[in-house]
Each structure stands twice: as C-alpha cells, then as structure tokens.
Amino acid sequence: MDFNVSRRAVLGTGVGLGAGLVTGTGTAAATRGAVAIVGCTVIDATGAPPRHDMTVLARGDRIAALGPARSVRIPGDAAVVDGRRRFVIPGLTDAHVHSSGIDTVDPPLYLVNGVTTVREMSGYPTLHEWRRRVAEGTLLGPRSVIASPLIDGSPSLWTGLGAPYVEVADAAQARAAVRQVAADGADFVKVYSRLSAESFTAIAQEAHRLGLEFAGHCPDAVPVTAASDLGQRSFEHVFTTWYATSGHEDEIRRALSRLVVEAGDYNGWLHRVHPLEVTAARTFDPRRAARVFRRLRGNDSHQTPTLVMHRVLDLPGTVDADDPRLRYIPAEVRAGWDFAMQEIYLDGRTPQEAAEHEELFGHRVRFVGALHRAGVPVLAGTDTGTSYVYPGFSLHDELELLVRAGLPPMRALQAATRDPARFLGLGSGTVRQGAAADLVVLDADPLADIRNTRRIHAVVVRGELITPERRDAMLEAVAAAARTVPPGVAVAGCRC
Ligand SMILES: [Zn+2]
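Only a predicted model underlies this, so the values are computations on that prediction, with no experimental measurement involved.

This paragraph deals with the UniProt feature "domain: Amidohydrolase-related" (unreviewed entry) in the protein chain. Feature annotation in UniProt places "domain: Amidohydrolase-related" (unreviewed entry) on residues 88-465, given in this structure's numbering. With 44% helix and 13% strand, the stretch residues 88-465 has end C-alpha atoms that lie 13 Å from each other.

The next thing to look at is the pattern of salt bridges. Throughout the structure, instances matching the rule amount to 32 salt bridges. Aspartate 443 serves as the salt-bridge partner of arginine 86, at 2.7 Å between the closest nitrogen and oxygen. Taken as a pair, arginine 86 in the loop between strand 4 (79-82) and strand 5 (87-90) and aspartate 443 in the loop between strand 15 (439-442) and strand 16 (456-461) lie far apart in primary sequence, 357 residues in all. Owing to a relative accessible area of 18%, arginine 86 belongs among the buried residues under this scheme. Taking the shortest distance from any N to any O, the salt bridge between aspartate 300 and arginine 233 comes out at 3.5 Å.

Contact pair helix 13 (residues 351-373) / helix 14 (residues 393-405): the axes reach a minimum separation of 7 Å and the direction vectors enclose 75°. Taken together, the axes of helix 13 and helix 14 lie roughly perpendicular to each other. Here Phe361, Val365, Val368 and Gly369 of helix 13 come into contact with helix 14, specifically with Leu401, Leu402, Arg404 and Ala405. For the contact of helix 13 with helix 14, a count of residues per class yields six nonpolar, one polar and one charged.

Take glycine 264: it is sitting in the loop between helix 8 (249-258) and helix 9 (266-282). With residues up to four places along the chain from it excluded, the contact list for glycine 264 reads Ser156, Leu157, Trp158, Thr159 and Leu161.

Per the counting criterion, the structure on display carries 10 aromatic pairs. Taking the centre distance of 5.6 Å and the plane angle of 80° together, the rings of phenylalanine 293 and phenylalanine 367 count as edge-to-face. Of the two residues, phenylalanine 293 sits in helix 10 (residues 286-298) while phenylalanine 367 sits in helix 13, which places them 74 residues apart along the sequence. For the pair phenylalanine 293 and phenylalanine 367, a shared accessibility class is recorded, and that class is buried.

Looking at the zinc ion, the protein donor atoms are His96 (NE2), His98 (NE2) and Asp383 (OD), and they sit 2.0 to 2.1 Å from it. Mapped onto the polypeptide sequence, the residues donating to the zinc ion form the spacing pattern H-x1-H-x284-D. Note that histidine 96 is positioned in strand 6 (residues 92-97) and aspartate 383 in the loop between helix 13 and helix 14, a separation of 287 residues in sequence. Note on aspartate 383: relative accessible area 0%, which makes it buried.

Two elements in contact, helix 5 (residues 171-183) and helix 6 (residues 197-210), have axes separated by 8 Å at closest approach and are oriented at 35°. For the element pair helix 5 and helix 6, the recorded crossing hand is right-handed. Residues Ala171, Ala174, Arg175, Val178, Arg179 and Ala182 of helix 5 lie in contact with helix 6, whose contacting residues are Glu198, Ser199, Ala202, Ile203, Gln205, Glu206, Ala207, Arg209 and Leu210. A breakdown of the residues in the contact of helix 5 with helix 6 according to their chemical character gives eight nonpolar, two polar and five charged.

Here serine 154 and proline 155 are connected by a cis peptide whose omega angle stands at 0°. Inspection of the secondary structure puts proline 155 in the loop between strand 9 (150-152) and strand 10 (165-167).

Looking now at the nonpolar core. One finds Val189, Trp242, Phe293 and Leu402 to be the most contacted residues of the largest nonpolar core, which totals 120 residues. Excluding residues within four positions of it along the chain, valine 189 makes contact with Ser148, Ile151, Val178, Val181, Ile203, Ala207, Leu212, Glu213, Phe214 and Ala215. Residues Ala58, Val81, Leu439 and Ala458 belong to the second largest nonpolar core, which totals 18 residues.

Let's shift gears to the confidence of the model for the protein chain. On average, residues of the protein chain score 92 in pLDDT, and 92% of them are at 70 or above. Predicted confidence for residues 1-31 stays below pLDDT 50, and this span has 73 contacts to residues more than four positions away or in other chains.

Our focus in this paragraph is helix 6. For helix 6, spanning 14 residues, the distance from its first C-alpha to its last is 20 Å, which sits close to the expected 20 Å at 1.5 Å a residue. Among all positions of helix 6, only Ser199, Phe200, Ala202, Ile203, Ala204, Glu206 and Ala207 are buried. Backbone geometry just downstream of helix 6 places glycine 211 in the positive-phi region, at approximately 75°.

On to a positive patch on the surface, then. A cluster of like positive charges, contributed by Arg287, Arg291, Arg294 and Arg297, occupies part of the molecular surface. With respect to the helices and strands, the residue arginine 294 is situated in helix 10.

Along the chain, glutamate 251 falls in helix 8. In the structure, glutamate 251 is positioned 169 residues away from aspartate 82 in sequence and 60 Å away in space, judged by C-alpha atoms.

One open sheet holds the three strands; their spatial order is 6-7-8, and the pairing between them is parallel. Because the sheet does not close on itself, it has two edges, and the strands there are strand 6 and strand 8 (143-146). Across this sheet, the average inter-strand angle for adjacent strands is 15°, counted without regard to direction. When strand 6 meets strand 7 (residues 115-120), the two strands line up parallel, connected through four bridges. Of the residues in strand 7, the one forming a bridge with aspartate 94 is valine 118.

For the rest of this paragraph, the subject is helix 13. Taking 1.5 Å of rise per residue, the 23 residues of helix 13 would be expected to cover 33 Å, and the 34 Å separating its terminal C-alpha atoms lies within 8% of that figure. Among the residues trailing helix 13, glycine 375 stands out with phi positive, at a value near 80°.

With that settled, consider the side chain of aspartate 285. Of note, aspartate 285 is situated in the loop between helix 9 and helix 10. Excluding residues within four positions of it along the chain, aspartate 285 makes contact with Thr245, Ser246 and Gly247.

Here strand 15 shows a buried face lined by Leu439 and Val441 and a second buried face lined by Val440 and Leu442. Pairing between strand 5 and strand 15: four bridges, direction antiparallel. Pairing of phenylalanine 87 across the sheet is with leucine 442, part of strand 15. Taken together, the four bridges between strand 15 and strand 16 define a ladder with antiparallel strand orientation.

Criteria and cut-off values
Residues numbered from 1 in each chain as written. Predicted model: local features only at pLDDT ≥ 70, side-chain atom pairs only at ≥ 80, totals over all residues. Heavy atoms only, no water. UniProt positions renumbered as here; feature names shortened; annotations may be inferred. Helix = DSSP H or I, 4+ residues; strand = E, 2+ residues; numbered from the N terminus. Salt bridge = Lys/Arg side-chain N within 4 Å of Asp/Glu carboxyl O. Buried < 20%, exposed > 50% of the residue type's maximum accessible area, 1.4 Å probe, protein only. Axes fitted to C-alpha atoms, helices over the stretch in contact; angles between N-to-C directions. Parallel < 35°, antiparallel > 145°, perpendicular 65-115°, else oblique. Contact = heavy atoms within 4.5 Å. Nonpolar A, V, L, I, M, F, W, Y, C, P; charged D, E, K, R; others polar. Phe/Tyr/Trp six-rings, centres within 6.5 Å; stacked < 30°, edge-to-face > 60°. Donors = N, O, S within 2.8 Å, 3.2 Å for Na, K, Ca; no water. Left-handed = near helix turned anticlockwise from the far one by under 90°. Core = buried A, V, L, I, M, F, W, Y, C linked by side-chain atoms within 4.5 Å. pLDDT = per-residue confidence, 0-100. Expected span 1.5 Å × (residues − 1). Patch = residues over 30% accessible without salt bridge, like charges linked within 9 Å, V, L, I, M, F, W, Y side chains within 5 Å. Areas by Shrake-Rupley, 256 points an atom, 1.4 Å probe, with all protein chains shown as cover. Lys, Arg positive; Asp, Glu negative; His and termini not counted. Charge placed at Lys NZ, Arg CZ, Asp CG, Glu CD. Pairing = 2+ DSSP bridges.

Written out as structure tokens, the structure is:
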C-alpha cells in the first residue's frame, strides 16, 4: 500500500461513505427528548468532592437540572438511566487527534469511548464537512475544533508523505499561508517543526492580526520560551520543551541551528534530534525548569504530552499485534500505521538508540510530573492517527499515563474535561445546570482508580443517549465498516 493513497480524501473528493450508512450505527431513534440519570454519584471535575444520590436531567443539548435524586422531578418522556452505584463525569475531550477521514469509524469510536469533543490537529475538508453534518444531525459524532493543515518550513518533513501540509520558505509566504488557512475556515493555525524563526514570527504576527490562535510543535529554530512569549497556545508532545530545561541548552540550540533535513526525510529528522533529546533528558536542570515552567504558566501556554503516542514510538515492543481494538481499524489504516512504524519511526534504529528510547520514555513521564507540579496546564491528548494510537480508546490509556506521571486522578480528569473546555472556549467541561449535556456514566469510581474511566455504561452526547445496547451495536457497526471500507478513503496517518 502506498502511503500517498489517501490524497483523494485530503482533497475532499474521495469520501464515498454517505450519511446513509450512519443510521446503521444506532439501534434506536434519537432520544433527544430528555435523559434522566437517577441516583448517581456526580464527579463534576471542578475539584469539588463527589456528590452521591444525585439526578442529572438532560433536555435538548443542555443539563436542565442537577440535584439530589429526591428533589429532581423526572418528566414522563425522559429516558431513564439507573445511576445507582454509578458515576457521572463530563464528556471527555481528546485534545490531539488526527481522524482518518472515515465517517463510520472515527466518530463512533470517539463517542463509545466517552470522547464527546476532539481537537483535530491537522485540518482537511472532510473534517469540516463532518462538523457541518454533526451540527445538522446527520452524523453522530463529537464536537470538533479543527486546525489548519500543518504549516512547516522549507524543506518540509512532510514532502511526499501524503498528509496535508503547507510549506513556507520565508516571512511573506508564512503570512500568506496564515491568510489562506483563515479564509479556508481553520479554527487555529498548526505550526510545525521545521519553520524558520523568521517564518514562525511572521505566523505569530499574522495570526494575532487575524484573531487566530496558533499551536502545535515548537520549531527547532525557536526556543520554547520565545514561542510561548509570541503566543503559542499549546506545545504538543514531550520533546522540544525540555531543550530549554537542560543545563546544556546552548550546545543543544547550536546543534539545532545547524540541523539540515532533506525534504520528506522525517526519519532522518528523528534520527538527528534523537541525541539532542537524550542530552536534554540527561541534563535536566530543575532550576532552569522552574524558570521555564513559570514563563509557560505566565503565558497560559498549555502542554499536550501525548504520552500514549510516545510509548508506541519509544517502546514499540509494547504494541500488541493481536490487540482486540484492531478489529475496529480498517486494513488500509493499519497498513498506513505499519508503513509509518517501519519506514518513518523505526528504520535504522540501532540497539543503542532503542535502549535510549526506553530511557527517554521514563524521562517523558517524569517531565510531565514536573510540568504538573509547576502548575503548567496539561491537556490530555493522544495523537490518534499515529501508529497504534486508537481513536477514543487511547484517551483512557493517556489518562492512566498522566496519573502514572504524578497527576492525581482528579487532575487527570480535569485535563480531559474542564481544562480543554476552557482552553478551547467550549463551555465549562463540568457537570452543572446549563452546561452541555455531554456526559459519561461509569460503572466504577474513576477517582479511586483512573482506569475506571474505561468502564463505560452509557454516554450522553448533546443530550442524545447512547445506551449500553446502542453502544454495543455501534461497536459492531464499526467492526463491520472496518472490514468493508473501500480503499482510498482513509487519510494517511502519522501526522504528529
Ligand atoms: Zn499530532
């Protein structure tokens, strides 16, 4: 299979799966009338203690009432969910996804996993079409905030790899690119690793002038503190930030400024930054880190660690070739995953580098703990679309890794609810009267063990109830779609 196979979908012309198939993913008509979750424990993700024996009443797309079960009147038309011994949390946000472009796969997988909002980190026309269909009710899917195609320097890491990207060689092209993606409807500008400092600064200025935010990778040529001061809203993954927390920062920055990468040589770039990452990790300086973290916090710059993605790339041995979730992944998508894994990530990795990657993953986890303790806001994101990171499912793995990094379960929950809602300007991300009726009903307490976010009983999305039976049917429909999706529909994976 060719990594370029999905150009048609990138251009928005290859989407053959129409709305007709979507009706097959639900077993019941929409239950938008009212939904009452009765007798539940509410964990509203504000940090307040859990409230027991509550009733949450959703009507339309809002929470109409929330109170002690004995005091909330349940209307006759309400679908009732038995909330006793169950826990209600806000719908989850995955703050870093790259959906495959297959409408019968990604949207339902997000929802059955309780992911009711996603931040798409590289935009293309199909994603905007999905959003229109979600709004008009012809596609059941999460809310989305959609990036521009990534804007990279010249030469770009993405040349010839099939993913949507824009290449800019200087400040004038950078400004023009920002105007173009704004005209195309991007919600924010995605910046990428090989931008020159001049182009990056021009993007920051032009985005600011147009009232657009920018987020993404911190370019190799720009220190994270400078990018943060220029207004970069979020930094993705755990790599570039730690150059600035190294006692060898000057030496690392000199090496970065000399770094040359050929067009499309993503693998070569990874190989060249690898020793710099190792140096940065081994020379972490807590006093420098305190200064850097203070600056990031002061600028309200967020970090999206995507530890679950790093685990795949750092510890490829943890990938399970028989993972039961693979039944939901179309063969073409999986082929793209394997191509990226072999050709981009692992090609030429020496045994010494493999050992260093193991070490790096430990550092990444500890680094996230340090970010958290310093009060730098952390968002839960997965980088779904990268090899063996699964839509919906992997967010729960990320929550588990955030807790392993040192976030208390409540903080991990907030990193997937209240905090991204505030970051994206999408409501409160909490459970309270008047908030969006995006809810997850769990069979076990996520504060006792964060892994319990996987124990999903039901999901409410914009007031629509996904019962356990409907959830099972949706999963079966995804498995069926994954077996039959025609080639040429998926968008190439691996867009970091
Ligand atoms: Zn990404």
